[in-house]
Amino acid sequence: MMAENSWLELPYIYEENIKKARSLYERILRSIYAKIAGLTRAYIHRISARQRRLLMRYDRKTRMLLIRRSGRTGRLFGMFISREAQRLAREITREQTILHGLRRAYEQIPKTMTIRSTLRFLYRLRAAAQDALKIFEELGRRRTAETIKTVISELDDLIDEKKKLIKPKIMYRLSYAINYVYHREYYSVIGQAWHRDKRVLEDIQDRLEEAVKRWVEDMIGYSVGYDESLMPYFEGYLIKSYPPEMFPPSWRTKKGVKVPFCWYDAKEFTEVKYDEKLHNHYEIRFEMLREGYSEILEEGSLDQL
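Now for a look at the structure at hand.

Calculation criteria
- Residues numbered from 1 in each chain as written.
- Predicted model: local features only at pLDDT ≥ 70, side-chain atom pairs only at ≥ 80, totals over all residues.
- Heavy atoms only, no water.
- Helix = DSSP H or I, 4+ residues; strand = E, 2+ residues; numbered from the N terminus.
- Buried < 20%, exposed > 50% of the residue type's maximum accessible area, 1.4 Å probe, protein only.
- Contact = heavy atoms within 4.5 Å.
- Areas by Shrake-Rupley, 256 points an atom, 1.4 Å probe, with all protein chains shown as cover.
- Phe/Tyr/Trp six-rings, centres within 6.5 Å; stacked < 30°, edge-to-face > 60°.
- Lys NZ or Arg CZ within 6 Å of the ring centre and 35° of its normal.
- Salt bridge = Lys/Arg side-chain N within 4 Å of Asp/Glu carboxyl O.
- Core = buried A, V, L, I, M, F, W, Y, C linked by side-chain atoms within 4.5 Å.
- Pairing = 2+ DSSP bridges.

A separate point is the overall build of the chain. When helices and strands are tallied, the chain shows seven helices and eight strands. Going through the 305 residues of the chain one by one, you find that 40% of them count as buried. Sequence separation of 24 or more characterises 65% of the internal contacts of the chain that already satisfy a separation of 6 or more. About 18800 Å² of surface is accessible on the chain, with carbon and sulfur atoms providing 50% of the total.

As for its position among the elements, Gln-205 is in helix α7 (residues 198–220). Judged by relative accessible area, which is 16%, Gln-205 ranks as buried. If we ignore the near neighbours within four places in the chain, the residues touching Gln-205 are Leu-174, Lys-267 and Phe-269.

Inspection of the secondary structure assignment puts Pro-168 in the loop between α6 (142–163) and β3 (170–182). Of the residues examined, Pro-168 reaches a relative accessible area of 19% and is grouped as buried. Placed 108 residues apart in sequence, Pro-168 and Glu-276 show a C-alpha to C-alpha distance of 9.3 Å.

Structurally, Leu-278 can be placed in the loop between β6 (258–273) and β7 (281–288). For the pair formed by Leu-278 and Ala-193, sequence separation is 85 residues and the distance between their alpha carbons is 8.1 Å. Beyond its immediate sequence surroundings of up to four residues, Leu-278 is in contact with Met-171 and Trp-194.

A word on the packing of aromatic side chains. The full count for this structure, using the stated rule, is three aromatic pairs. Where Tyr-25 meets Tyr-106, the ring centres are 6.2 Å apart and the plane angle is 10°; that geometry is what we call stacked. In this pair, Tyr-25 is assigned in helix α1 (residues 11–44) and Tyr-106 in helix α4 (residues 83–107), connecting sequence segments 81 residues apart. Here Tyr-25 falls in the buried class, since its relative accessible area comes to 0%. A residue is classified by how much of its surface remains accessible, and Tyr-106, at 8% relative accessible area, is buried. A centroid spacing of 6.1 Å and a plane angle of 15° characterise the contact between Tyr-58 and Phe-77, whose relative ring orientation is stacked. Here Tyr-58, found in the loop between α2 (49–55) and α3 (60–73), pairs with Phe-77, found in the loop between β1 (75–76) and β2 (79–80); they are 19 residues apart in sequence, far enough to count as distant. Sitting over the ring of Tyr-106, Arg-22 keeps its end group 3.9 Å from the ring centre.

The next thing to look at is the pattern of salt bridges. Counting across every chain of the model gives 16 salt bridges. Measuring nitrogen to oxygen at the nearest pair gives 3.5 Å for the salt bridge that ties Lys-162 to Glu-161. Several salt bridges converge on common partners, so that one network encompasses Arg-46, Glu-84, Arg-87, Glu-91, Arg-94, Glu-95 and Arg-141.

Our next topic: the nonpolar core. Tyr-25, Tyr-43 and Leu-102 are the most contacted members of the largest nonpolar core, which has 48 residues in total. Of all elements in the fold, only α1, α3, α4, α5 (115–139) and α6 reach the threshold of two or more residues within this core. At 13 residues, α1 tops the list of elements feeding residues into this core. When near neighbours in sequence (up to four residues on either side) are disregarded, Tyr-25 contacts Leu-102, Ala-105, Tyr-106, Leu-125, Ala-128, Ala-129, Val-151 and Leu-155.

Another aspect to go through is the pairing of strand β4 (residues 185–195). Burial of β4 is extensive: nine of the 11 residues sit out of reach of the surface. As paired strands, β4 and β7 are joined by eight bridges and run antiparallel to one another. Counterpart to Val-189 in the pairing with β7 is Phe-286.

Take unusual backbone geometry next. The backbone of Phe-77 shows a phi angle near 55°, a positive value even though the residue is not glycine. By relative accessible area, which is 30% here, Phe-77 ends up partly exposed. Look at Asn-280: it is not a glycine, yet its phi comes out positive at around 60°.

What follows is the structure in structure tokens.
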């Protein structure tokens, strides 16, 4: 069994994937084969007895070639056929044309079993099935169309399963930082998260921002909030208990103590090179720019955020 977060699979697994895909695909092929057989029987009953005897002397491949040709010319062995027989011959030609496209995709099995060759094979099957679906929907062939839709859905599941195993070239990084000056010292608390799907980062950005704000509040001792009209200057009320004598009288109010504070936040999405160790990971770190000091405050997978 493949280890979690590994980008490798054994060749026999790809062989099983292709075997499963072809098995799914055979549902469509059987449906079309049955339709061709029914049309052929109807065609044979609508030609003359002499034409029927002559036609049955040939092998199946030659018979089908003669039937398709009669759909174009309206003649079989130089003798005219009925309009209904000609219509049936044209339907047989159409079904065999569709079948040819499907079989071509079905038979192009990769010579070497890798994740990418398996995916290419699955994509070829899906594209051919999609083309056939469009034709059958236009013809009003609902049962066949429903069969193809089911197969396409199951192929999509198989494709999604394989795509997750492809090591991507890039991923996205969400960064959110609160940079602040406190007692004339410059600090920064930076939260970063990485994932190859940008939508995942968009979903967790509020949680990352709240986590960064909680760390800042814990460090400076009061709630981080602001009035846009006062930005970037802000005075916050202490939420920790400190001896009043620690602060100048001008900082003291009836409610508590105000601490001069200047801050701003910054957020960005960046495209970066894929790193398996960072993918689906986040971290929050504290930096003192003047001292060149950095410390990881919190880290983990995104579902732990």
